[in-house]
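Architecture and fold: a report
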Amino acid sequence: MVAAVALLGGCGTGDDTKATTSPEAGPTRADSPRPSPSPTASASPTPSPTARSFVRGVYFLVDTRGGLRLVREMKDLAGEDPGREAVETMIAGADDPDYASPWNRATRVLGVTRTGNTITVDLSKEARTANVGSQGAAMMIQQLVYTVTEAVDPDASVQLLVEGRSPGDLWGAVRWDKRVSRQDPLDVRVFVQIDSPREGTSASSPLVVKGDAAAFEANVPWRILDADGTEVKTGATMTAEGMTFSPYSFKVRLKPGTYTVEVVEDDPSGGEGGKPMTDTRTVTVR
């Protein structure tokens, strides 16, 4: 199971928006190219209302062998103001009990607007309250950046305001007074991720499992546990591409019941690099 996050102070010092985690060795790879910024456009609000909902990832935190990492839950957003709704969902917390969000739940979203290639998120003063160290603070920044850009535009950068003003020093650990973009996902995301089924949902057999992984040689081991924790099925699937985040999927036939689906980071080191990263979902098969 993915460990729940224990966010503690005193994890080091951070003094600017470049604060980042320092994960242990991940998959061997060439440096991933970073996306080029979208062309600057004239001022415009977040996408205009639509009548149909859509699905986007909202990001939370987990504790891993590489320190705190981002992990996402797929959420249905109404489409009327997806950026605002995504941030509100992030602050409210995850359905998966293994995921954490250190943002103060009393925080209100005062506005999410877009001007050119910048998304501005304005939060209430409660956003200043969080009990985290420097690594946790840096990951809170990326949690917000990944969440709102996934809902609006992954290539955009994000400026945070608190009560309409640049927040400056935050959480006793970082300073946010400039626009911030997504960091390389290999530096901040958990290496194996289940997107479907969602936590606590039901499905028919064969159960279809889909997700995203940065897998060594594209290999993603998995297993199914019953309600008693007994392993009932095991296997492995392949991502579309190795050593970078890429989709995977597999099907498994199961009798009616409640199960835990677990995907695991392939570990050619035999544990020398620390406990492999995992992700789980609890699902009921009809």
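In short, a report on the structure.

Parameters and conventions
- Residues numbered from 1 in each chain as written.
- Predicted model: local features only at pLDDT ≥ 70, side-chain atom pairs only at ≥ 80, totals over all residues.
- Heavy atoms only, no water.
- Buried < 20%, exposed > 50% of the residue type's maximum accessible area, 1.4 Å probe, protein only.
- Helix = DSSP H or I, 4+ residues; strand = E, 2+ residues; numbered from the N terminus.
- Pairing = 2+ DSSP bridges.
- Phe/Tyr/Trp six-rings, centres within 6.5 Å; stacked < 30°, edge-to-face > 60°.
- Core = buried A, V, L, I, M, F, W, Y, C linked by side-chain atoms within 4.5 Å.
- Contact = heavy atoms within 4.5 Å.
- Axes fitted to C-alpha atoms, helices over the stretch in contact; angles between N-to-C directions.
- Salt bridge = Lys/Arg side-chain N within 4 Å of Asp/Glu carboxyl O.
- Left-handed = near helix turned anticlockwise from the far one by under 90°.

1. A look at the pairing of strand 14 (residues 246-252)
Residues Ser246, Tyr248, Phe250 and Val252 point to one face of strand 14 and are all buried, whereas Pro247, Ser249 and Lys251, pointing to the other face, are not buried. With seven bridges connecting them, strand 11 (residues 207-213) and strand 14 associate as antiparallel partners. Bridging from a neighbouring strand, Val209 pairs with Phe250 of strand 14.

2. Focus on the packing of aromatic side chains
With the rule as written, the count across this model stands at four aromatic pairs. Relative to Phe250, the ring of Trp222 lies with its centre 4.5 Å away and its plane at 5 degrees, an arrangement referred to as stacked. Of this pair, Trp222 sits in strand 12 (residues 219-225) while Phe250 sits in strand 14, placing them 28 residues apart in sequence. Ring geometry for Tyr248 against Phe250: centres 6.5 Å apart, planes inclined by 15 degrees, an arrangement best described as stacked. Taking relative accessible area as the criterion, Tyr248 reaches 3% and is therefore assigned buried.

3. Section: the nonpolar core
In this structure, Val87, Trp103, Val121, Leu123, Trp171 and Trp176 are the most contacted members of the largest nonpolar core, which totals 62 residues. With eight residues, the top contributor of residues to this core is helix 2 (residues 134-152). The residues touching Leu123, leaving out its near neighbours within four places in the chain, are Val87, Ile91, Trp103, Thr107, Arg108, Val109, Leu110, Leu160, Leu161, Val162 and Glu163. Counting seven residues, the second-largest nonpolar core is a separate cluster that includes Tyr59, Leu70, Met139 and Tyr146.

4. Concerning the sheet that holds strand 11
Read across the open sheet, the three strands follow the order 9-11-14; overall the sheet is antiparallel. In this open sheet, the two strands that pair with only one neighbour each are strand 9 (192-196) and strand 14. Within the sheet, the average angular offset between the axes of one strand and its neighbour, ignoring direction, is 30 degrees. Of the pairings in the sheet, the one linking strand 9 to strand 11 comprises four bridges and is antiparallel in character. Across the sheet, residue Ile194 finds its bridge partner in strand 11, namely Gly211.

5. Remarks on the sheet that holds strand 13 (residues 231-238)
Taken in spatial order, the five strands of this open sheet run 10-16-15-12-13, and their pairing is mixed. In this open sheet, the two edge strands, each paired with only one partner strand, are strand 10 (201-203) and strand 13. Recorded for the sheet is a direction-independent mean angle of 30 degrees between the axes of neighbouring strands. As paired elements, strand 12 and strand 15 (residues 257-264) share four bridges and run antiparallel to each other. Residue pairing across strands places Leu225 opposite Thr260, the latter belonging to strand 15.

6. Remarks on the pattern of salt bridges
What the rule picks out here adds up to 17 salt bridges. Close ionic contact of Asp96 with Arg281 constitutes a salt bridge, the shortest N to O distance being 3.1 Å. With Asp96 in the loop between helix 1 (82-92) and strand 4 (109-115) and Arg281 in strand 16 (residues 278-285), the pair connects residues that are 185 residues apart, well separated along the chain. Owing to a relative accessible area of 2%, Arg281 belongs among the buried residues under this scheme. A salt bridge links Arg175 to Asp169, with the nearest nitrogen and oxygen atoms 3.2 Å apart. One salt-bridge network, in which partners are shared between bridges, spans Arg72, Glu150, Arg182, Arg189, Asp195 and Asp212.

7. As for the environment of Gln142
Along the chain, Gln142 falls in helix 2. Residue classification places Gln142 among the buried residues on the basis of a relative accessible area of 2%. Once the C-alpha coordinates of Gln142 and Gln183 are considered, the two residues, 41 residues apart in sequence, prove to be 7.3 Å apart. If sequence neighbours within four positions are ignored, Gln142 has contacts with Leu70, Val180, Ser181, Arg182, Gln183 and Val188.

8. Notes on the packing of helix 1 against helix 2
Two elements in contact, helix 1 and helix 2, have axes whose closest approach is 8 Å; the angle formed by their N-to-C orientations is 145 degrees. The interaxial crossing formed by helix 1 with helix 2 has right-handed handedness. Where helix 1 abuts helix 2, its residues Pro82, Gly83, Ala86, Val87 and Met90 lie against Gln143, Leu144, Thr147, Val148, Ala151 and Val152.

9. As for the environment of Val192
The topology assignment puts Val192 in strand 9. Residue classification places Val192 among the buried positions, given a relative accessible area of 1%. Linking Val192 and Glu265, residues 73 residues apart in sequence, is a C-alpha distance of 6.0 Å. Once you skip the residues sitting within four places of it in the chain, Val192 turns out to touch Asp212, Ala213, Val263, Val264, Glu265, Met277, Thr278 and Asp279.

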